[in-house]
Protein chains: 2
Amino acid sequence: MKLYEQIKQHLLDGISAGRWAEGAKIPSEHDLMATFNASRMTVHRAMRELSADGILHRMQGAGSFVRRQAPRSALLEIHDIAEDISQRNHVHGSIILHLAAIRADAAIAAELDLRRGARVFYSEIVHTEDGVPVQLEQRHVSPRFAPDYLAQDFSAQTTSRYLQAIAQPTEVEHIVHAVAADSRVQTILEIPPSEPCLQVLRRTWTEAGPATRSLLTHPGSRYSLGSRYAVNQRK
Amino acid sequence: MKLYEQIKQHLLDGISAGRWAEGAKIPSEHDLMATFNASRMTVHRAMRELSADGILHRMQGAGSFVRRQAPRSALLEIHDIAEDISQRNHVHGSIILHLAAIRADAAIAAELDLRRGARVFYSEIVHTEDGVPVQLEQRHVSPRFAPDYLAQDFSAQTTSRYLQAIAQPTEVEHIVHAVAADSRVQTILEIPPSEPCLQVLRRTWTEAGPATRSLLTHPGSRYSLGSRYAVNQRK
DNA sequence: CAGTGGTCTAGACCACCCA
DNA sequence: GGGTGGTCTAGACCACTGG
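Residues numbered from 1 in each chain as written. Chains lettered and ligands numbered in written order. Predicted model: local features only at pLDDT ≥ 70, side-chain atom pairs only at ≥ 80, totals over all residues. Heavy atoms only, no water.

**Some points on the overall build of chain A**
Per the secondary structure count, chain A includes 7 helices and 10 strands. Looking at chain A as a whole, 48% of its 235 residues are labelled buried. Within chain A, counting contacts between residues at least 6 apart in sequence, those at least 24 apart form 59% of the total. Per element, the accessible surface of chain A, about 11700 Å² overall, is 49% carbon and sulfur. (Helix = DSSP H or I, 4+ residues; strand = E, 2+ residues; numbered from the N terminus. Buried < 20%, exposed > 50% of the residue type's maximum accessible area, 1.4 Å probe, protein only. Contact = heavy atoms within 4.5 Å. Areas by Shrake-Rupley, 256 points an atom, 1.4 Å probe, with all protein chains shown as cover.)

Shown next, in the form of structure tokens:
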């Protein structure tokens, strides 16, 4: 087996055997060079890859530590489109079409566990990537969950980021559809009538009950969802 | 900016500017060493990271190429359709349109890590729910992974189930798109031209390398993907 | 200050692909 | 056989951390 893989495996084995607990400091590059009779570049590569995989946490001047693991088992992340876009080195923009309290209709009331006609916050925002619309975000938020929702400046901070900062949801649901856009959505997203859209319905709950219901509509030609995961990372 | 990041950015820029199309060969390590006045290790690191991110496809002895399609982040678990259907107490059926060895074209060869023109297994199956088409499954399978693929009876056992019985993949990738169906697919799925389709590209790997590449196309009106996830609290 | 990780160089040997 | 990538070495300089 390749030397850098042996080193990775040695560290992974040690972690799963409990020889190094979460947060513990693991041997330095210098130590591992001696243990494996390897050059520093080789040891460094092994540790850098483990760091990229989120297994280790490395700090210049301090050492390398076992990362306290977020549960990787279920492969579902809440993700903020602004971060996605800036990770691709593109420019994210928001156009706020709507931000107000409205009366819940029967469907929304049922989903958010409110009485029909109750106050519910509604926002409608178009997200652009390098100026091109990539997502229409239509979001209903329960006032119980985010009472100050209307007072936020969502051109400075995305709704996702704000809501996540309030409280982590305890439960998340995603449903993905392919749909045709109606004429209003076609106009907003600047797409022809023939273009299919990828629509994600995302609902979140906290312990206090339903929190948000978001309908995210994306032009099929400009957006896709993906996930990739390694089945047996840490074993 | 760090040198290896400059090199990565240079390649990413060139790809998004269309200077190197999908599948095109990009400069060799040797070329980039000269361009950036960098050592080979540094160039190599830049290209290795792009390869790990699925941007490049590298083949020893042949060169480095732009990978077709770039995965996005986040989301989603996907089940075997036959199980889904029978869990709903509906009747699952399969129509086998194709099951043969074909020659890999450049795109498939790159994805499955084969030489162009190499033998690769290809199957095309329509799945029906109570007689109505709900999925067109177009699957390429590496002979290295499943040498006896062609000898199976896939009307008795789904391809997914057979492949999973051989070996669990170590890595799985899903990419979800909304697309319009071409006329052949419209006919197969019995849908009108206006109906958008939900398309899932699923790729799997084992330790020995790429194993399968499946394109699953569903009528938007008859199929959606869903997932619900209870977030684990951090300990 | 000594220890540590981040980056980089200038070589090397090997396995592989393709003309 | 010439070009290409995969791995590895033995150095180097730097930035940062901690006692």
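Picking up where we left off.
**A word on the sheet that holds strand E2 (residues 56–59) of chain B**
Residues and elements named next belong to chain B. Read from one edge of the open sheet, 3 strands run E1-E3-E2, paired in antiparallel fashion. At either margin of the open sheet sits one strand with a lone partner, and together these are strand E1 (25–26) and E2. With 2 bridges connecting them, E1 and strand E3 (residues 63–66) associate as antiparallel partners. Across the sheet, Lys 25 pairs through a bridge with Phe 65, a residue of E3. The strands touched by helix H3 (residues 40–52) are E1, E2 and E3; relative to E2, the strand with the most contacts, the crossing angle is about 115°. (Pairing = 2+ DSSP bridges. Axes fitted to C-alpha atoms, helices over the stretch in contact; angles between N-to-C directions.)

**A look at the pattern of salt bridges**
Residues and elements named next belong to chain A. Taken as a whole and assessed by the stated rule, the structure comprises 18 salt bridges over all chains. Two residues, Glu 49 and Lys 8, come together in a salt bridge whose shortest N-O distance is 2.9 Å. Taken as a pair, Glu 49 in helix H3 (residues 40–52) and Lys 8 in helix H1 (residues 3–16) lie far apart in primary sequence, 41 residues in all. Note on accessibility: Glu 49 and Lys 8 belong to one class, buried. (Salt bridge = Lys/Arg side-chain N within 4 Å of Asp/Glu carboxyl O.)

**Regarding the protein's contact with DNA strand D**
Taken together, the neighbourhood of DNA strand D is formed by 24 residues, with Leu3(A), Ser39(A), Thr42(A), Arg40(B) and Met41(B) sitting nearest. The share of sugar and phosphate among atoms of DNA strand D within 4 Å of the protein is 58%. Between a base nitrogen of DNA strand D and a main-chain N or O atom of Gly61(B), the distance comes to 3.0 Å. Among the elements that line the surface near DNA strand D, the one with the most residues is H3(A), at 4 residues. Among the residues making up the surface near DNA strand D, the classes are represented as 7 nonpolar, 11 polar and 6 charged. (Near = heavy atom within 4 Å. Polar contact = N/O pair within 3.5 Å; in protein donor to acceptor, adjacent residues only side chain to side chain. Nonpolar A, V, L, I, M, F, W, Y, C, P; charged D, E, K, R; others polar.)

**Description of the protein's contact with DNA strand C**
Residues in contact with DNA strand C amount to 24 residues; listed here are only the nearest, Arg40(A), Met41(A), Gly61(A), Leu3(B) and Ser39(B). Within 4 Å of the protein, the contacting atoms of DNA strand C are 56% sugar and phosphate, with bases supplying the remainder. At 2.8 Å from a phosphate oxygen of DNA strand C is found a main-chain nitrogen or oxygen belonging to Glu29(A). Within the side chain of Gln60(A), one N or O atom sits 2.8 Å away from a sugar or linking oxygen of DNA strand C. Breaking the surface near DNA strand C down by element, the ones donating at least two residues are H3, strand E2 (56–59) and strand E3 (63–66) of chain A together with helix H1 (3–16) and H3 of chain B.

**Some thoughts on the pairing of strand E6 (residues 132–141) of chain A**
Residue and element names in this part refer to chain A. By the criterion of burial, E6 is predominantly enclosed, with 9 of the 10 residues buried. Taken together, the 9 bridges between strand E5 (residues 119–129) and E6 define a ladder with antiparallel strand orientation. Paired with Val 126 across the two strands is Leu 136, which belongs to E6. Hairpin connection, E5 to E6: the antiparallel pair is bridged by 2 residues, and Asp 130 has positive phi, about 50°. With 6 bridges connecting them, E6 and strand E9 (residues 209–219) associate as antiparallel partners.

**Observations regarding the nonpolar core**
Membership of the largest hydrophobic core comes to 20 residues, with the highest contact counts inside it found for Val176(A), Leu198(A), Leu225(A), Val176(B), Leu198(B) and Leu225(B). Counting 17 residues, the second-largest nonpolar core is a separate cluster that includes Leu12(A), Ile26(A), Ala38(A) and Val66(A). (Core = buried A, V, L, I, M, F, W, Y, C linked by side-chain atoms within 4.5 Å.)

**With respect to H3(A)**
Between the first and last C-alpha of H3(A) there are 18 Å, a value that for 13 residues agrees with the 18 Å anticipated at 1.5 Å per step. Looking at H3(A), one finds that the buried residues are Val43(A), Arg45(A), Ala46(A), Met47(A), Arg48(A), Glu49(A) and Leu50(A). Contacts made by the buried residues of H3(A) are with H1, strand E1 (25–26), helix H2 (29–36), E2 and E3 of chain A together with H3 of chain B. Phi turns positive one or two residues past the end of H3(A), at Gly54(A), with a value near 80°. (Expected span 1.5 Å × (residues − 1).)

**Quick notes on the sheet that holds E1(A)**
All names here are of chain A. An order of E1-E3-E2 is seen for the 3 strands of this open sheet, with the pairing classed as antiparallel. Where the open sheet ends on each side, the last strands, each with one partner, are E1 and E2. Of the strand pairs in this sheet, E2 and E3 are connected by 4 bridges, and their pairing is antiparallel. Bridge pairing in E3 links Leu 56 to Val 66. Running at roughly 115° to E2, H3 makes contact with E1, E2 and E3 of the sheet.

**Section: the packing of aromatic side chains**
Residue and element names in this part refer to chain B. Within this structure, the stated rule accounts for 8 aromatic pairs over all chains. Seen in terms of ring centroids, Tyr 149 and Tyr 162 are 6.3 Å apart; in terms of plane orientation they differ by 45°. Their pairing is tilted. Of this pair, Tyr 149 sits in the loop between strand E6 (132–141) and helix H6 (159–166) while Tyr 162 is found in helix H6, placing the two residues 13 residues apart along the sequence. For the pair Tyr 149 and Tyr 162, one class covers both residues: buried. Seen from the ring of Trp 20, Arg 19 lies directly overhead, with NZ or CZ sitting 5.0 Å from the centre. Positioned above the aromatic ring of Tyr 4, the side-chain terminus of Arg 45 is 3.9 Å from the ring centre. (Phe/Tyr/Trp six-rings, centres within 6.5 Å; stacked < 30°, edge-to-face > 60°. Lys NZ or Arg CZ within 6 Å of the ring centre and 35° of its normal.)

**Here we look at the packing of helix H2 (residues 29–36) of chain B against H3(B)**
Residues and elements named next belong to chain B. The contact between H2 and H3 brings their axes to 9 Å, and the two run at 115°. Between H2 and H3, the angle falls in the class roughly perpendicular. The crossing of H2 and H3 is right-handed. On the side of H2, the interface is formed by Glu 29, Leu 32 and Met 33, while H3 contributes Arg 40, Val 43, His 44 and Met 47. Classifying every residue of the contact of H2 with H3 gives 4 nonpolar, 1 polar and 2 charged. (Parallel < 35°, antiparallel > 145°, perpendicular 65-115°, else oblique. Left-handed = near helix turned anticlockwise from the far one by under 90°.)

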